[in-house]
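Structural description and commentary
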Amino acid sequence: MTKVECLSCHQKFPLDPFFPFCPRCQNPVFLLPSTLSTKTSSSNSQDDSLLNQSQSSSIDNLSLGEGNTPLLRLSQLEKLLGLSSLWAKNEGQSPTGTFKDRGSIFVVRFALKLGFQRIGTVSVGNMAASTAAYGQRAGLETYILVRGDVQEKKLDFIQTYNPHLIQVEGDYGELFEQSYELGRRHNIYFANSVDPFRLQGYQTIAKEILNQLAPNFPEVIVAPVSSGGHLLGIIKAFLDLNTLNTLACFPVFIGVQSDRCAPLAEAYSRGEENFQRMYNLPPVPYAISNPNPPAGNLLLKLIYQYNGYLIAVNDQEIQEGQKLLAQKEGIYVLPSAAATLAGFIRCQQQDPSLAQKTTCLIFTGTGFRGQRLFPAEKNKLHHTSLDHLDGLLAKMIDKKKPEN
Ligand SMILES: Cc1ncc(COP(=O)(O)O)c(C=O)c1O
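Summary of the structure given here. (Residues numbered from 1 in each chain as written. Predicted model: local features only at pLDDT ≥ 70, side-chain atom pairs only at ≥ 80, totals over all residues.)

**A few points about unusual backbone geometry**
- Residue Pro215 follows Ala214 across a cis peptide bond; omega there is 10°.
- Mapped onto the fold, Pro215 is located in the loop between α7 (204–213) and β10 (220–224).
- Phi at Gln26 takes a positive value of approximately 70°, unusual for a residue other than glycine.
- Along the chain, Gln26 falls in the loop between β2 (12–14) and β3 (29–31).
- Look at Gln26 and you get partly exposed, because 13 C-beta atoms sit within 10 Å.
- Of note, Asn68 is a non-glycine position whose phi angle comes to about 50°, a positive value.
- Mapping Asn68 onto the fold places it in the loop between β3 and β4 (71–73). (Helix = DSSP H or I, 4+ residues; strand = E, 2+ residues; numbered from the N terminus. Buried ≥ 20, exposed ≤ 12 C-beta atoms within 10 Å, placed from the backbone.)

**What about the site of the ligand?**
- Near the ligand, the surroundings consist of 18 residues, among which Ser226, His230, Ala287, Thr364 and Gly365 are the closest.
- Looking at the shell around the ligand, the elements that each hand over two or more residues are α3 (126–137), α8 (229–243) and α12 (335–350).
- Looking at the shell around the ligand, its residues break down into seven nonpolar, eleven polar and no charged. (Near = placed C-beta within 6 Å. Nonpolar A, V, L, I, M, F, W, Y, C, P; charged D, E, K, R; others polar.)

**Digging into α3**
- Look at α3: 17 Å from first C-alpha to last across twelve residues, which is about the 16 Å you get at 1.5 Å a residue.
- In terms of residue burial, α3 counts as a mostly covered element, since ten of its twelve residues are buried.
- Lining the buried residues of α3 we find α2 (100–113), β6 (118–123), β7 (141–147) and α4 (152–159).
- Within two residues after α3, Gly139 carries a phi angle of roughly 75°, on the positive side. (Expected span 1.5 Å × (residues − 1). Contact = placed C-beta atoms within 7 Å.)

The following block contains the structure:
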């Protein structure tokens, strides 16, 4: 039996895959260790429980190579912004281009283990594509519910994996809630943003960061926030490591939202315990756009408890972040991921002591799927023939020389 625990009220109970929330306080739940074993007759190792499988494990041939993404030093930005130690965990190098793959691999393993033939998800795009890719690989029927206003480009990308794709008009928060009831009725395992298996997958990043940064230690960790599931999973992983006394110190966590839809950052700025659900917002062109984040209140609680920050950034800051990363560091990220850098810059202006800390920015998705926010510089584009190439290069290089 799969058992879960609520991180808020600490109640333990069997998981209901059709409503994976705490029945007492409605918060997301976490799997209890040792709850699942995938032991096969050919294996007698303790280490093959579903929870212990490394994300790149090929035990069941479902992995697409998720996890183990690079950690990169951002030396140019350190200089430019006057920071001591700035690092990027580039989740854009995941198989479908976002961190969601860390969760999707756990979801399909569980779905197969429990004998589900159908999985699904409610998503604005990135989780949809990831779930579709892993669902197809696992041979599962995959049902993707997206908002009515999802951009063409995103729909097209999701369709690459050929899932059943349904655009649903109406309130996104209600769609999220209804999906569980629909799942129960049609026997579809809806693994949404705070599914406990997804959250388990998100936790795998913690040990990677610790190993990759050693002998240094992440004192600040920054991530974009929509449903809150991703950052919640990461904090939970560090809490678990903390109980094992393996941490030099507990990191400061910074969650970043777009100011177009920032229920958590707004609640935090008012010092409120619970966020207020947002209604009738104009379409937000970013993946970080959940008006009713299911992990929101638990995330607020943990951010207050461990002296973190929840911060909102505007379009211009996101655009500038995306441009800085591409043009100073050669890393092209999604706008939602660029919000991470924008949020850290903003936060560090409020709390200058952050500039001295070893900071890990989590870039949650690649920009290579489109949605570049800043325009290309026209004067950087040149046309020439082979005959004139040498001359053109000479002219361009000459222009750059400082005048005497
Ligand atoms: C690229 C990207 N970054 C960050 C997030 C936020 O993650 P979460 O919804 O778990 O807070 C999302 C969510 O869709 C995303 O697609």
